[in-house]
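# Structural overview
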Amino acid sequence: MKEKYYITTPIYYPSGAWHIGTCYTTVVCDALARFKRMDGYDVFYLTGTDEHGQKIEKIAAAAGEDTKKFVDKRVENLIQLWKVLNISYDKFIRTTDEQHEKAVQKIFTKLYEQGDIYKSEYEGWYCTPCESFWTKTQLKDGKCPDCGREVELTKESSYFFRLSKYRDKLIDLIENDPDFLQPKSRRNEMLNNFLKAGLTDLAVSRTSFKWGVPVPFDPDHVVYVWVDALTNYITALGYMSDDEELFRKYWPADLHMMGKEIVRFHSIIWPAMLMALGLPLPKKVYGHGWLMLGSDKISKSKGNIVDPFILSGRYGVDSVRYYLLREVPFGADGAYSNYSFLSRINADLCNSLGNLLSRTTAMINQYFGGKIPAEREATEFDAELEALINGVYGKVKKDMEELLVPEALNEIFTLVNRANKYIDETTPWLLAKEEGKKARLASVLYHLAETLRVAGVMLEAFLPETAGKILADLGTDVCDVFEGNVSYGKLTGEENFVKGAPLFPRIDINKELANMEKIAEEAAKAKEEKKEGKPAEPKKEEPAKAEIGIEDFAKIELKIGKILTAEKVEKSKKLLHFSVDTGDRVRSIVSGVAKYFTPEEMVGKEVVVVANLKPATLGGVLSEGMILFAENADGLATVEPGRPVGGGSTVS
Ligand code: MSP
């Protein structure tokens, strides 16, 4: 039987726009989950949304919307983001799910009945953005010590959880089980700043607002949002429901992953609650660092967002995944800049990986017509590369077990770089010209193909889309497990090796930096205009179109695009936002067609796209191309090929 592995992200507040920092925890957990699955584990990967609390209630009210409708829309948008980023979660829990709410009530009642929760009066300070209680001495210059924002003096009747009762047990846990809380710096922080400084009981209900799970035996109170949220890790598995099978199978969690600012909740409050419930504790809580922009944490409330839809639409999903997994030293903070993002793509994905694939497949086609002959003559150069190929899985596995994600990727790219150097050392273009060197050339190309195959299989955990493309160009399939697929020698040479489209087109960094700035400016302007409610420009009469020559028509690049996702653009009645696979990448395209089509009916269609149209921002969303429609008196119709031809096919 497979060993189980239960991995979780925090559940996200569906409160504002998503940014690249938001994606960090989820992309990292996705790579870990995919890796474990391929390593033969029975993985359960949980993510979801944390929808209750004063913060969400206030934000929805400020937007003039019904709270549930507001969160429904935001959650839909988050699910869309995870789809674009290829997140392979096994369950998405919402704290507004009926089963979760009922289980929260049962947990609260159980803790109350056994004396772990009691009623009293709360007087202290509350930070709404962090949904955190603070004592006066904990405040920093009168502000929230976590986020530095204003706090509110709060006095209300409240239920309390006897957190203080668990202090000694928590100290013992963190001091004596070094695996429980990592990295080490977080352990010291929790011990010194919170546990050893004294632990007071925790207010676990609120009466000043309504958007939460009602305390079943005292409905003027709603359950404190963090208590409601933390229990998601067990209610998602059916704890306290009619069907606890998943709970029995997967609990305790093998890994709770989160950003460092919420480690306190996961390593103090959550284990204390589990102790009170008599449940086993998670095996590991890991607090990763932040993605910063300059000296600021990228965050919705600071307004310095870097839009992941735009980045993955423009540069490909795997560019975003790669950047997050590779650039941020795991456990520490990392600084985002457009320059470091573009440079990473160019250096590693385009130059190292992309070039190795295109050179290898081009040579197999040029010299041997797309197959590698069986007669191969090996040398010590080949033996060295072979040893590296055979060693890479072990190194990557060790890194992944220690949560050294950038290091794990680095192992794969060390192999790729070594193979690029091997091309220069073995000079296949000279072998091709020399008499009697066919078998030697075949061995060189076979070793290159095997390097790419093993790198491709390993990359399935990190860059699933790219891995699929690499393996397809080698005429082989993606696989479900590493076992039997990560050592040298699996290709026969009889596969169909094809020279496909470049994996990652080379970026002209200076030009692209200017484009990125323009896009950001346009997005900011559109947002401002939306805020001010400026009326749309009146439509100008279109002048009659002059005749053009074929050379003018040739300037237009038409492609078939496959619509992967579609959604309405927030606050616009006209616009639909599509992600469209045009072969080179997945593009973000906005069209004013919401009157004629529902998002659902557009998904899966193959349409004609003007691919070299200058990017623009429509309704605050980036549009990188235009979908063509036919129009008559009945309205619009899509323009589709007569049979499925696949995204990226040319139209001429
Ligand atoms: N709702 C709580 C978690 C409850 S779990 C029982 C919450 N939500 S959040 O939406 O604010 O954060 C979700 C995740 O995104 C957290 O792991 C957080 O650390 C992460 N990030 C948000 N901004 C980030 C960066 N700029 N950089 C890296 N990760 C960051 O907290």
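Our subject is the structure that appears above.
In what follows, the accompanying structure is described. Throughout, residues of each chain are indexed from 1 in the direction in which the sequence is written. Local features in this predicted model are restricted to residues of pLDDT 70 or higher, and side-chain atom pairs are both shown and tallied only at a pLDDT of 80 or more, whereas totals for entire chains, interfaces and linings draw on every residue. Processing note: side-chain calculations cover all non-hydrogen atoms of the structure and skip hydrogens and water entirely.

If you look at the biggest cluster of nonpolar residues, it comprises 103 residues, and the most contacted ones within it are Phe341, Leu459 and Phe462. If we ignore the near neighbours within four places in the chain, the residues touching leucine 459 are Leu353, Leu409, Ile412, Phe413, Pro464, Ala467 and Ile470. Each nonpolar core is a collection of buried residues, namely Ala, Val, Leu, Ile, Met, Phe, Trp, Tyr and Cys, held together in the definition by side-chain atoms within 4.5 Å. Accessible area is worked out with a 1.4 Å probe on protein chains only. A residue is then buried under 20% of its type maximum, exposed over 50%, and partly exposed in between. By size, the runner-up hydrophobic cluster in this structure holds 81 residues, among which are Ile11, Cys130, Trp226 and Ala253. Contacts are assigned to residue pairs with any non-hydrogen atoms lying within 4.5 Å of each other.

Quick look at the sheet that holds strand β1 (residues 4-8) now. Strand order in this open sheet of six strands is β3-β2-β1-β11-β12-β7, and the pairing throughout is parallel. The strands lining the two open edges of the sheet, one partner per strand, are β3 (91-94) and β7 (181-182). For strand β11 (residues 255-259) and strand β12 (residues 285-288), the ladder comprises four bridges, and the chain directions are parallel. Residue glycine 259 lies in a different strand from β12, and its bridge partner there is histidine 288. Here helix α1 (residues 22-38) sits on the sheet and contacts β1, β2 (42-49), β11 and β12; the angle it forms with β2, its principal contact strand, is near 165 degrees. When DSSP finds at least two bridges between two strands, those strands are taken to pair. Put simply, DSSP marks the helices as runs of H or I at least four residues long and the strands as runs of E at least two long, and each gets a number from the N terminus on. Inter-axis angles, ranging from 0 to 180 degrees, are taken between N-to-C directions of lines fitted to C-alpha atoms, where helices are fitted over the stretch in contact.

Every α-helix winds through 3.6 residues per turn, so residues three or four apart in the chain are directed the same way. End to end, helix α10 (residues 263-277) covers 20 Å across 15 residues, agreeing with the expected 21 Å (1.5 Å per residue, within 8%). At tryptophan 270, α10 shows its strongest bend, of approximately 25 degrees, with the proline proline 271 following within four residues. Within α10, 15 of the 15 residues are buried, which leaves it mostly tucked inside the rest of the structure. At the exit of α10 stands glycine 278, carrying a positive phi of roughly 70 degrees. The span you would expect from a helix comes to 1.5 Å times its residue count less one. Take the seven residues that end at a residue and the seven that start at it, fit an axis to each, and the angle between those axes is the bend at that residue.

On to the packing of helix α12 (residues 317-327) against helix α18 (residues 464-473). When two helices pack together, their arrangement is given by the angle between the helix axes and by the axis-to-axis distance. Where α12 contacts α18, the axes come no closer than 8 Å and their chain directions differ by 120 degrees. For the pair α12 and α18, the contacting residues are Val317, Asp318 and Arg321 in the first and Pro464, Glu465 and Thr466 in the second. Gly falls in the polar group here, along with every residue not listed as nonpolar (Ala, Val, Leu, Ile, Met, Phe, Trp, Tyr, Cys, Pro) or charged (Asp, Glu, Lys, Arg). Across the contact of α12 with α18, the residue classes tally to two nonpolar, one polar and three charged.

What follows concerns the packing of aromatic side chains. Aromatic pairs are defined between Phe, Tyr and Trp rings, using the six-membered ring for Trp, whenever the two ring centres lie within 6.5 Å; interplanar angles under 30 degrees are classed as stacked, those over 60 as edge-to-face, and all others as tilted. Scanning all chains against the criterion turns up 33 aromatic pairs. Taken together, a centroid distance of 5.7 Å and an interplanar angle of 20 degrees make the contact between tyrosine 118 and phenylalanine 160 stacked. Taken together, the residues span a long stretch of sequence, with tyrosine 118 in strand β4 (residues 117-127) and phenylalanine 160 in strand β6 (residues 152-161) at a distance of 42 residues. The lysine or arginine in question, lysine 55, covers the ring of tyrosine 13, its NZ or CZ lying 3.7 Å from the ring centre. Only when the NZ of Lys or the CZ of Arg is both within 6 Å of the ring centre and within 35 degrees of the ring normal is a charge said to sit over the ring.

A pair is scored as a salt bridge if a Lys or Arg side-chain nitrogen falls within 4 Å of a carboxyl oxygen belonging to Asp or Glu. Going through the model one piece at a time under the given rule, you end up with 41 salt bridges. Across the pair lysine 469 and glutamate 465 runs a salt bridge whose closest N-O atoms are separated by 3.9 Å. Taken as a pair, lysine 469 and glutamate 465 lie in helix α18 at a separation of four residues, close to a single helical turn. With relative accessibility at 27%, the residue glutamate 465 sits in the partly exposed group. One network of salt bridges, in which partners are shared, links Glu51, Lys68, Asp72 and Arg94.

Along the chain, valine 478 turns up in the loop between α18 and α19 (509-532). A C-alpha to C-alpha distance of 8.2 Å links valine 478 and glycine 456, two positions 22 residues apart in sequence. When residues no more than four places from it in sequence are discounted, the contact partners of valine 478 are Glu460, Gly468 and Leu471.

Note that patches include only residues with greater than 30% relative accessible area and no salt bridge, and the join distances are 9 Å for like charges and 5 Å for nonpolar side chains (Val, Leu, Ile, Met, Phe, Trp, Tyr). Note on areas: Shrake-Rupley with a 1.4 Å probe; residue coverage comes only from the protein chains shown. Among the surface-exposed residues, Ile548, Ile550, Phe553 and Ile556 lie close enough to one another that they form a single nonpolar patch of about 400 Å² accessible area. Look at isoleucine 556 and you get partly exposed, because its relative accessible area is 41%.

Pairing within the open sheet is antiparallel, and its four strands lie in the order β5-β4-β6-β8. Each edge of the sheet is formed by a strand with only one pairing partner; in this case those strands are β5 (132-134) and β8 (202-203).

We now examine the side chain of histidine 288. Looking at where histidine 288 falls in the secondary structure, it is placed in strand β12. Whenever two N or O atoms come within 3.5 Å, that pair is a polar contact, provided that in protein one can donate a hydrogen and the other can accept it, and provided that, for residues adjacent in sequence, both atoms are side-chain atoms. From its side chain, histidine 288 meets the backbone nitrogen of glycine 259 in a polar contact 3.5 Å long. In this structure, histidine 288 is in contact with Tyr24, Thr25, Arg186, Met257, Met258, Gly259, Lys260, Phe330 and Gly331, ignoring residues within four places of it in sequence.

So, on to unusual backbone geometry. Note: most peptide bonds trans; most residues except glycine with negative phi. Note that the residue after glutamine 182, namely proline 183, is joined by a cis bond; omega there is -5 degrees. With respect to the secondary-structure elements, proline 183 resides in the loop between β7 and α6 (184-195). With an omega of 5 degrees, the peptide bond running from tryptophan 251 to proline 252 counts as cis. Although it is not a glycine, methionine 240 adopts a positive phi angle of roughly 60 degrees. The exposure class assigned to methionine 240 is buried, which follows from its relative accessible area of 18%. In this model, threonine 427 sits at a positive phi of 40 degrees, which is unusual for a non-glycine residue.

Across the 11 residues of strand β16 (residues 558-568), eight count as buried, placing the element largely inside the fold. Bridging between β16 and strand β19 (residues 606-610) involves five bridges; their strand directions are antiparallel. Paired with lysine 562 across the bridge in β19 is glutamate 606. Pairing of β16 with strand β25 (residues 650-651), which is carried by two bridges, proceeds in the antiparallel orientation. Bridge pairing links lysine 559 to threonine 650 in β25.

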